[in-house]
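The chain contents come next:
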Amino acid sequence: MIDYDPHQWGHHFFDLKGSMVREIVGRLLVVTLWATGVVAFHHHVQPIGIPNIMHGLVGVALGLLLVFRTNSSYDRFWEGRKLWGGIVNETRNLARASSVFLRERDPALYRTLVQWTVVFPYAAASGLRGDKDLGPVTAQLPPEEVRQAGTAQHVALAVSQRMSEALSEGRRRGHYNEYTQMALDQNVQQLIDYLGGCERIHKTPMPFAYMVHLRRALVIYCGSLPFALVESFGWGAVVATFFLSYVFFGIEEIGVEIEDPFGTDENDLPLDRICGVIQANLLALLPSETARPD
Amino acid sequence: MIDYDPHQWGHHFFDLKGSMVREIVGRLLVVTLWATGVVAFHHHVQPIGIPNIMHGLVGVALGLLLVFRTNSSYDRFWEGRKLWGGIVNETRNLARASSVFLRERDPALYRTLVQWTVVFPYAAASGLRGDKDLGPVTAQLPPEEVRQAGTAQHVALAVSQRMSEALSEGRRRGHYNEYTQMALDQNVQQLIDYLGGCERIHKTPMPFAYMVHLRRALVIYCGSLPFALVESFGWGAVVATFFLSYVFFGIEEIGVEIEDPFGTDENDLPLDRICGVIQANLLALLPSETARPD
Amino acid sequence: MIDYDPHQWGHHFFDLKGSMVREIVGRLLVVTLWATGVVAFHHHVQPIGIPNIMHGLVGVALGLLLVFRTNSSYDRFWEGRKLWGGIVNETRNLARASSVFLRERDPALYRTLVQWTVVFPYAAASGLRGDKDLGPVTAQLPPEEVRQAGTAQHVALAVSQRMSEALSEGRRRGHYNEYTQMALDQNVQQLIDYLGGCERIHKTPMPFAYMVHLRRALVIYCGSLPFALVESFGWGAVVATFFLSYVFFGIEEIGVEIEDPFGTDENDLPLDRICGVIQANLLALLPSETARPD
Amino acid sequence: MIDYDPHQWGHHFFDLKGSMVREIVGRLLVVTLWATGVVAFHHHVQPIGIPNIMHGLVGVALGLLLVFRTNSSYDRFWEGRKLWGGIVNETRNLARASSVFLRERDPALYRTLVQWTVVFPYAAASGLRGDKDLGPVTAQLPPEEVRQAGTAQHVALAVSQRMSEALSEGRRRGHYNEYTQMALDQNVQQLIDYLGGCERIHKTPMPFAYMVHLRRALVIYCGSLPFALVESFGWGAVVATFFLSYVFFGIEEIGVEIEDPFGTDENDLPLDRICGVIQANLLALLPSETARPD
Amino acid sequence: MIDYDPHQWGHHFFDLKGSMVREIVGRLLVVTLWATGVVAFHHHVQPIGIPNIMHGLVGVALGLLLVFRTNSSYDRFWEGRKLWGGIVNETRNLARASSVFLRERDPALYRTLVQWTVVFPYAAASGLRGDKDLGPVTAQLPPEEVRQAGTAQHVALAVSQRMSEALSEGRRRGHYNEYTQMALDQNVQQLIDYLGGCERIHKTPMPFAYMVHLRRALVIYCGSLPFALVESFGWGAVVATFFLSYVFFGIEEIGVEIEDPFGTDENDLPLDRICGVIQANLLALLPSETARPD
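Residues numbered from 1 in each chain as written. Chains lettered and ligands numbered in written order. Predicted model: local features only at pLDDT ≥ 70, side-chain atom pairs only at ≥ 80, totals over all residues. Heavy atoms only, no water.

*Asks:* I would appreciate a short explanation of the overall build of chain A in the present structure.
*Replies:* A tally of regular secondary structure across chain A gives nine helices and zero strands. Each helix (α) and strand (β) of chain A, taken in turn from the N terminus, gives the series α-α-α-α-α-α-α-α-α. The C-alpha radius of gyration of chain A comes to 27 Å, more than 25% above the 19 Å expected for a compact globule of 294 residues. Judged by the C-alpha coordinates and their principal axes, chain A covers about 90 × 35 × 35 Å. Every one of the 294 residues in chain A was classed for burial, and the buried ones make up 67%. The long-range share in chain A, meaning contacts at least 24 apart out of those at least 6 apart in sequence, stands at 75%. For chain A, the computed accessible surface area is about 9,800 Å², with 56% contributed by carbon and sulfur atoms. Positive and negative charge centroids in chain A, built from 25 and 31 side chains respectively, lie 4 Å apart. (Helix = DSSP H or I, 4+ residues; strand = E, 2+ residues; numbered from the N terminus. Rg over C-alpha atoms; globule rule 2.2 N^0.38 Å. Buried < 20%, exposed > 50% of the residue type's maximum accessible area, 1.4 Å probe, protein only. Contact = heavy atoms within 4.5 Å. Areas by Shrake-Rupley, 256 points an atom, 1.4 Å probe, with all protein chains shown as cover. Lys, Arg positive; Asp, Glu negative; His and termini not counted. Charge placed at Lys NZ, Arg CZ, Asp CG, Glu CD.)

*Asks:* Looking at this model, I keep getting lost on the relation of the copies chain D and chain C. Mind explaining?
*Replies:* Here the second copy of the chain follows from the first by a rotation about an axis and a shift along it. Relative to chain C, chain D is turned by 72° and slid 0.0 Å along the rotation axis, the superposed coordinates differing by an RMSD of 0.0 Å. Taken together, the rotation and translation relating the two chain copies correspond to the operation of a five-fold axis. If distances are taken from each C-alpha of chain D to the rotation axis, the shortest is found for Val-60 of chain D, at 5.3 Å. With a heterologous cut-off of 20% or less, the 6% of interface residues of chain D that recur at the interface of chain C puts this contact in the heterologous class. (Least-squares fit on C-alpha atoms with pLDDT ≥ 70 in both.)

*Asks:* Explain the interface of chain D and chain C to me, please; I cannot follow it from the model alone.
*Replies:* Across the contact, 72 residues belong to chain D and 62 residues belong to chain C. Interface of chain D and chain C: buried area, both sides summed, is about 6,100 Å²; carbon and sulfur atoms make up 68% of it. The largest contributions to the chain D side of the interface with chain C come from Tyr-4, Trp-9 and Arg-96 of chain D, which together make up 14% of the buried area. Where chain D packs against chain C, one counts two salt bridges. (Buried area = accessible area lost by both parts, 1.4 Å probe. Salt bridge = Lys/Arg side-chain N within 4 Å of Asp/Glu carboxyl O.)

*Asks:* Can you walk me through the packing of helix α2 (residues 53-102) of chain A against helix α2 (residues 53-102) of chain E in this structure?
*Replies:* In a packed pair of helices, the relevant descriptors are the angle between the two axes and the axis-to-axis distance. Interaxial distance between α2 of chain A and α2 of chain E falls to 9 Å at its minimum, and their mutual angle equals 25°. One finds that α2 of chain A runs roughly parallel with respect to α2 of chain E. Between α2 of chain A and α2 of chain E lies a crossing whose hand is right-handed. Of the residues contributing to the contact of α2 of chain A with α2 of chain E, the split by class is twelve nonpolar, seven polar and three charged. (Axes fitted to C-alpha atoms, helices over the stretch in contact; angles between N-to-C directions. Parallel < 35°, antiparallel > 145°, perpendicular 65-115°, else oblique. Left-handed = near helix turned anticlockwise from the far one by under 90°. Nonpolar A, V, L, I, M, F, W, Y, C, P; charged D, E, K, R; others polar.)

*Asks:* Sorry if this is basic, but what is going on with a negative patch on the surface here?
*Replies:* A contiguous patch of negative charge, built from Asp-75 of chain A, Asp-75 of chain B, Asp-75 of chain C, Asp-75 of chain D together with Asp-75 of chain E, is present on the exposed surface. Topologically, Asp-75 of chain B is positioned in helix α2 (residues 53-102). (Patch = residues over 30% accessible without salt bridge, like charges linked within 9 Å, V, L, I, M, F, W, Y side chains within 5 Å.)

*Asks:* I tried to follow the environment of Glu-231 of chain C on my own but got confused; where do I start?
*Replies:* Residues and elements named next belong to chain C. Tracing the chain through its elements places Glu-231 in helix α7 (residues 208-233). Taking C-alpha positions, Glu-231 is 64 Å from Val-119, a pair spaced 112 residues apart along the chain. If we skip the residues at most four places from it in the chain, Glu-231 touches His-42 and Gly-49.

*Asks:* I'm lost on the pattern of salt bridges in this one. Help?
*Replies:* Side chains that carry opposite charge are capable of pairing whenever their charged atoms lie near each other. What the rule picks out here adds up to 81 salt bridges over all chains. Ionic pairing is found between Glu-169 of chain A and Arg-172 of chain A, a salt bridge with its closest N-O pair at 3.1 Å. Here the residue Glu-169 of chain A and the residue Arg-172 of chain A both occupy positions in helix α5 (residues 155-172), the gap between them amounting to three residues, near one helical turn. Owing to a relative accessible area of 25%, Glu-169 of chain A belongs among the partly exposed residues under this scheme. Measuring nitrogen to oxygen at the nearest pair gives 2.9 Å for the salt bridge that ties Arg-273 of chain E to Asp-3 of chain E. Here Arg-273 of chain E, found in helix α9 (residues 271-283), pairs with Asp-3 of chain E, found in the segment before α1 (21-44); they are 270 residues apart in sequence, far enough to count as distant.

*Asks:* Explanation requested: a positive patch on the surface in the structure shown.
*Replies:* A cluster of like positive charges, contributed by Lys-82 of chain A, Lys-82 of chain B, Lys-82 of chain D together with Lys-82 of chain E, occupies part of the molecular surface. Relative to the elements of secondary structure, Lys-82 of chain E occurs in helix α2. Note on Lys-82 of chain E: relative accessible area 38%, which makes it partly exposed.

*Asks:* I'm lost on the environment of Arg-200 of chain B in this one. Help?
*Replies:* Tracing the sequence through the fold places Arg-200 of chain B in helix α6 (residues 178-203). Judged by its relative accessible area of 7%, Arg-200 of chain B is buried. As a C-alpha pair, Arg-200 of chain B and Asp-260 of chain B span 60 residues in sequence and 9.9 Å in three-dimensional space. Ignoring anything within four residues of it in the chain, the contact list for Arg-200 of chain B reads Glu-79 of chain B together with Trp-78, Arg-81 and Lys-82 of chain C. Here the side chain of Arg-200 of chain B touches Glu-79 of chain B through a polar contact of 2.7 Å, side chain to side chain. (Polar contact = N/O pair within 3.5 Å; in protein donor to acceptor, adjacent residues only side chain to side chain.)

*Asks:* What am I meant to see in the layout of surface pockets here?
*Replies:* Over the atoms rolls a probe the size of a water molecule, and in doing so it shows where empty space is left. Volume-wise, the largest pocket comes out at about 1,300 Å³. Surrounding the largest pocket, 39 residues form its lining, Gly-56 of chain A, Gly-56 of chain B, Gly-56 of chain C, Gly-56 of chain D together with Gly-56 of chain E being those nearest its centre. When residues of the lining of the largest pocket are traced back to their parent elements, those giving at least two are α2 of chain A, α2 of chain B, α2 (53-102) of chain C, α2 (53-102) of chain D together with α2 of chain E. Considered class by class, the residues forming the lining of the largest pocket number 20 nonpolar, 19 polar and no charged. Computed from the structure, the second largest pocket encloses a volume of approximately 680 Å³. (1 Å grid on protein atoms, 1.4 Å probe; cavity = no way out; pocket = protein on both sides within 12 Å on 5 of 7 lines; lining within 4 Å. Points joined across faces, edges and corners; volume = space filled by probe spheres on them.)

*Asks:* Just checking my understanding: could you explain the side chain of Ser-73 of chain B for this structure?
*Replies:* Residue placement: Ser-73 of chain B occurs in helix α2. Overall, Ser-73 of chain B belongs to the buried group, its relative accessible area being 0%.

*Asks:* Whenever I open this one, the interface of chain A and chain E confuses me. Can you help?
*Replies:* Interfaces are often sized by the accessible area lost when the parts come together. Counting residues at the interface gives 71 residues for chain A, matched by 62 residues for chain E. Counting each side, the surface lost to burial between chain A and chain E is near 6,100 Å², with a carbon and sulfur contribution of 68%. The interface formed by chain A and chain E holds two salt bridges in total. Notably, a salt bridge pairs Asp-185 of chain E with Arg-96 of chain A, separated by 3.2 Å at the nearest N-O pair. At the level of elements, α2, α6 (178-203), α7 (208-233), α8 (236-258) and α9 (271-283) of chain A are the ones that each hand at least two residues to the side of chain A that touches chain E. Among the elements that make up the side of chain A that touches chain E, the one with the highest residue count is α2 of chain A (24 residues). In terms of residue class, the side of chain A that touches chain E is built from 39 nonpolar, 23 polar and nine charged.

*Asks:* Looking at this model, I keep getting lost on the arrangement of the chains. Mind explaining?
*Replies:* These two, chain A and chain C, are apart from each other, with no contact and a minimum C-alpha gap of 10 Å. Taking C-alpha atoms as the reference, chain B and chain D come no closer than 10 Å and do not contact one another.

*Asks:* Can you help me understand the nonpolar core in this one?
*Replies:* Generally speaking, nonpolar side chains in soluble globular proteins are found buried as a group. Trp-84 of chain A, Trp-84 of chain B, Trp-84 of chain C, Trp-84 of chain D together with Trp-84 of chain E are the most contacted members of the largest nonpolar core, which totals 541 residues. In this structure, this core is formed jointly by two domains, domain 1 (21-49 + 206-258) and domain 2 (77-204 + 271-285) of chain C, each of which donates at least three residues. Residues within four places of Trp-84 of chain E in sequence aside, it is in contact with Pro-121, Ala-124, Ala-125, Leu-128, Cys-198, Phe-262, Leu-271, Ile-274 and Cys-275 of chain E. (Core = buried A, V, L, I, M, F, W, Y, C linked by side-chain atoms within 4.5 Å. Domains from an automatic or database assignment.)

*Asks:* I keep staring at the confidence of the model for chain A and nothing clicks. Help me out?
*Replies:* For residues with low pLDDT, the predicted coordinates do not support detailed interpretation. Residue and element names in this part refer to chain A. Taken residue by residue, chain A gives an average pLDDT of 92. The fraction at 70 or more is 98%. Helix α3 (residues 107-128) holds the highest mean pLDDT among the elements of chain A, 96, whereas helix α4 (residues 143-150) holds the lowest, 92. Taken together, the stretch residues 290-294 has pLDDT below 50 and engages in six contacts with residues farther than four places along the chain or on a different chain. (pLDDT = per-residue confidence, 0-100.)

*Asks:* How should the UniProt feature "transmembrane region" (unreviewed entry) in chain A be read in this particular structure?
*Replies:* Residue and element names in this part refer to chain A. Taking the UniProt record as the reference, the feature "transmembrane region" (unreviewed entry) is found at residues 24-42, 48-68 and 218-249. Within residues 24-42, the helical portion is 100% and the strand portion 0%, while the C-alpha atoms at the span's ends are 27 Å from each other. Strand forms 0% of residues 218-249 and helix 94%; the C-alpha atoms that close the span are 8 Å apart. (UniProt positions renumbered as here; feature names shortened; annotations may be inferred.)

*Asks:* Can you walk me through the packing of α2 of chain A against α8 of chain A in this structure?
*Replies:* All names here are of chain A. Packing of α2 against α8 brings their axes to within 8 Å, and their N-to-C directions diverge by 25°. Classified by the angle their axes make, α2 and α8 are roughly parallel. Like other packed secondary-structure pairs, α2 and α8 cross with a definite hand, here left-handed. Listed contacts from α8 to Leu-66, Arg-69, Thr-70, Ser-73, Tyr-74 and Phe-77 of α2 are Phe-248, Ile-251, Glu-252, Ile-254, Gly-255, Val-256 and Ile-258. Per-class residue counts for the contact of α2 with α8 are eight nonpolar, three polar and two charged.

*Asks:* Explain α6 of chain B to me, please; I cannot follow it from the model alone.
*Replies:* Residues spaced three or four apart along an α-helix point in a common direction, a consequence of the helix completing one turn every 3.6 residues. All names here are of chain B. The end-to-end C-alpha distance of α6, which contains 26 residues, comes to 36 Å, matching closely the 38 Å that a straight helix rising 1.5 Å per residue would cover. In terms of residue burial, α6 counts as a mostly covered element, since 21 of its 26 residues are buried. Near the N-terminus of α6, the side chain that reaches the backbone nitrogen of Tyr-179, with its oxygen 3.1 Å away, is that of Asn-177. (Expected span 1.5 Å × (residues − 1).)

Structural data, given as structure tokens:
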């Protein structure tokens, strides 16, 4: 993710990085060349201009469809952010709520529980990126369990299993009763829910029909623009087509960039940083002798 | 569902499959023939052109109604996806949370519980498609119970009954107390809620009045377009009417395609694949000797 | 509710029933007569045409207000459907979750509980329609209790009271403990919540100011349309005014039709059918000798 | 709140009450006088007409901002209604769920609990209106407690305290265990949540920047309208400006009227009636000798 | 936050404070100077006017994108307000629900719990503002614990830890059982969730691509406005460009002002006042001898 201060207007105005210029430059070039050809044909071969009524009539519906699509993508971006915010909250809650039962009375078990909890977001993030990674805090965990979890069919699910087992061990050792175990396990359940939500966003793009119809309508619209503009703009129609296409293709591309925000692009969520925050918050709750793993 | 990479612009641009061309081609043909007739009449019999003011005035409201309808359908599509994401989550949670009580101590009961849990999404999906099917993982379950469930008035409800009974059996055998039973049963309850949500979407189309008024308005709009375009476009009015109708009918058709996403069309949700993912995740949690059913 | 297949374009295109033609035909007639008068006056007495700029300028805001209102009504329709979906879910959940405790051990009490649960949606639906009715499944319930519930100040609330008492009786007879009782009672609580949601929708129309301002703006807009169209359309202005008014009044009427979806109109929810589905699902869970009440 | 039947078009069409005419008549007069001056100046002193392009260009953004603001206010109105619907539900649920434990065994305590529960909505409503009132059902409650609650720093919070104490007393007297107490107390907790939601809506208007920018843009737009209309409309520009301003200012005023729906205006929620419904529902649940307080 | 009465139109109409004039005046000056240069060039050097079709065509999509962005920011503002409303509710609920167990029987522990609860919102608010502060109510708390919490890695998390420990101490002293402890701790959990929600909003601006594309499109639009207006408006094009830019840049700036509402600007939420309300509500619940800390 690119950090920026929205109050500063000028700072990133000419950035290439993250501003989708590289993504849409190809389409823009094609449209501009096409517009040049149309205008040249109109001036040198035979007038082929058309009235601009058609573009006015279809503009409202197309603009709405375009901006709604971008907004649906933003909703997915924001839902993804909420889900990761939920992962932050529930890891904190699990570590905090269990600490009153375990921190003093069974620091070793508490450390195990907290460390598996720190591992969970790393496993979740790498799973969303098609990878299997447990992050930096695995040195003090049982190597065999770490190996098993790291090679499981679903890594984050295996990690959550370890967390549930640590909670179950706490009950077996008499630190709390079955009710408290289940109440603490609710936090693990919510972690699974949030991860499932991320997988849902990651695996389900916009419906195919929506995407393909919008793109075809956009291409028809932009491709016929030079015909509609050539009579009133002359050679300026090339520039005008370029600008209009830049705005329209850019809006569509925003939707593409942010609809699956779990990758490592400039417009994706800073999952690594969030995992780091969770790690810092949780390890700070451990009794001091076991605090920092380095 | 059609898998596609939204970052690739060109790949599916000319696809017929899933892009609704086959669905709307009939309407487009009618409108285009009508437009040809109108233009021919205008040129050869008597001028019948009208100003295009009317289409401009009604365009905003009609475009809004059209795109809102498509968006409402998308919300249903996305809600359906969320509900199935919830089914993924709760089946995982049930298998995970019960494993600490049952997996070691009563593997046979745990296997029964997990396998009925794997059956649930298959029963739910086939029920939404008007069918009664329990999926591939029924070989190790009691044949009589399988037969009863598969012929019940509501198959998925009968399967959930079996899950509740397995949970109840666990308490009767002393693996956990009544509180834990009810806490685990919450997951079954949520599965019923999610399935009920799917049935709600499946059985309730857009209100009849909304659908029929939108279609009539669309037909009036597109049918009167050639009159409004013929004076400024001449024979080009046929092409312009075709393009505008393509965009408008296409937007309306998106709404139809995705408002009930539980079928087997190209734009429906990949329920079979989701059921397969649940099966793989859950069977991987079983103790190794009982893992793969093949 | 009218059942229709949204994939079939032509089937209901000319339906009067449910398509709001009867509701708006009066308004349309007035506007059309008015338009005829205006055009006649313009042609035979004195030109009274005005430019159409004003309608263009106000069209966006008015169209937005109109479609937003229709959409808010659709949200209410859909929320109402969700609430009834919730009633389906929670009646199922109550019957399913209690069955593991009661079905075998105390079939009479289980039957009583399930039958009161079947009564609840009938009582809720008739209450929303200003009636007091308990539906068809009351023959096996204690007549005195049925009579009391059927004449209570709030019938569905009294029925829910009976359900709570059946759950309480189960605890008193030792079938489960107080915790399970409260967990099962949660389902009754949710039924009350859903019914309360329906009553909220039923009793609260759109804010008066919103409704009245929208209608006045619509009347001004449509009433001044013939003046704006007469110069460019001539006598065609009558037809154009008719079409535009049909679209606008129709959109407004959709909002009216679906904002309170608990009645018995063509565009209301099929509450009777939903009650029947609940009845069929729940009675199928009863032990066989008590299954069908006929 | 004004009760009206949305199916009746004509009934309230000319109402002054609740239709915001009195609120916006001042602004309309100023704009109309200004328009008269502009047109007079244009005709008698010197032409000052401008093209209407500017208004067309800014109209979409301004119309959107305007209608979105009105819609945000409607969302607040509807959220306020939902919160009060929640208060109805939870008071019902508290009285219903506690009745199985208290109604027969300890009618005096049950009556105390129910009566404090009836007091809560009255205290909440009067608190939202800047008042301290406990409603009509306090005669049978301990006068000292009533006095203390009625003069507390936060009246409704003090009432909820009494409800929690009644629930606690029930446990101390052995009618239920600690778990049931906490489960019943959840309803009190939700009442506090809903009241907090109402206070949030009441105390937080639209962001200042949003409100002030929208109003300035509206004034610029309407104030420059006569210049843009005078050339094509002549003296009709005064009427046209009046109509457009009426529509725009009216839409803005809807937003103001309904954004804080807890007052006693015509467009506010009928809190007194809702409190009365709660009172009737709850007192009907009391054993008969204590039922009606009059 | 600026307090204002939305029913009063005139009161703040000319305010500079909070109305974003200072924020956008620079951009407006640049655009106006540019417009002056363009018009001067057009009149004195060579005609450079273009038709205004382009601006009409792109206006819908741009206006939608602009207003949707502002609306998304408003949603964040309102979500932030809801989260702080939730903090108000849960602090109240914790103090209220625990009072029946602790207030009479262990006033010292109750006072400790309530005072840490009062500290939480202060710690949360200052944390959101990049500060570490515990507010005014720390005099009666153990100084060592106050010092540790005030210097912790995450202050509010450390404070919540103290609250959980006070609740745990209550169980250890036998005032309630483990179930009640966990039920009360739910309120602490929700406080953590709400704070996490605020941190999410604070740390995640609109996606970079959305922001930068919108600003570029706005600059192209406003920068090319004078060319499109100069032919019909003459020197008036400078004024028209100024007005249109004022409206557009202002709408964009609203979005910037309210998307992170936890600062101390005029359009931010009144966090200090909310903390004060919580403090007043909670301290009023303490037994009288310990009530006011001054």
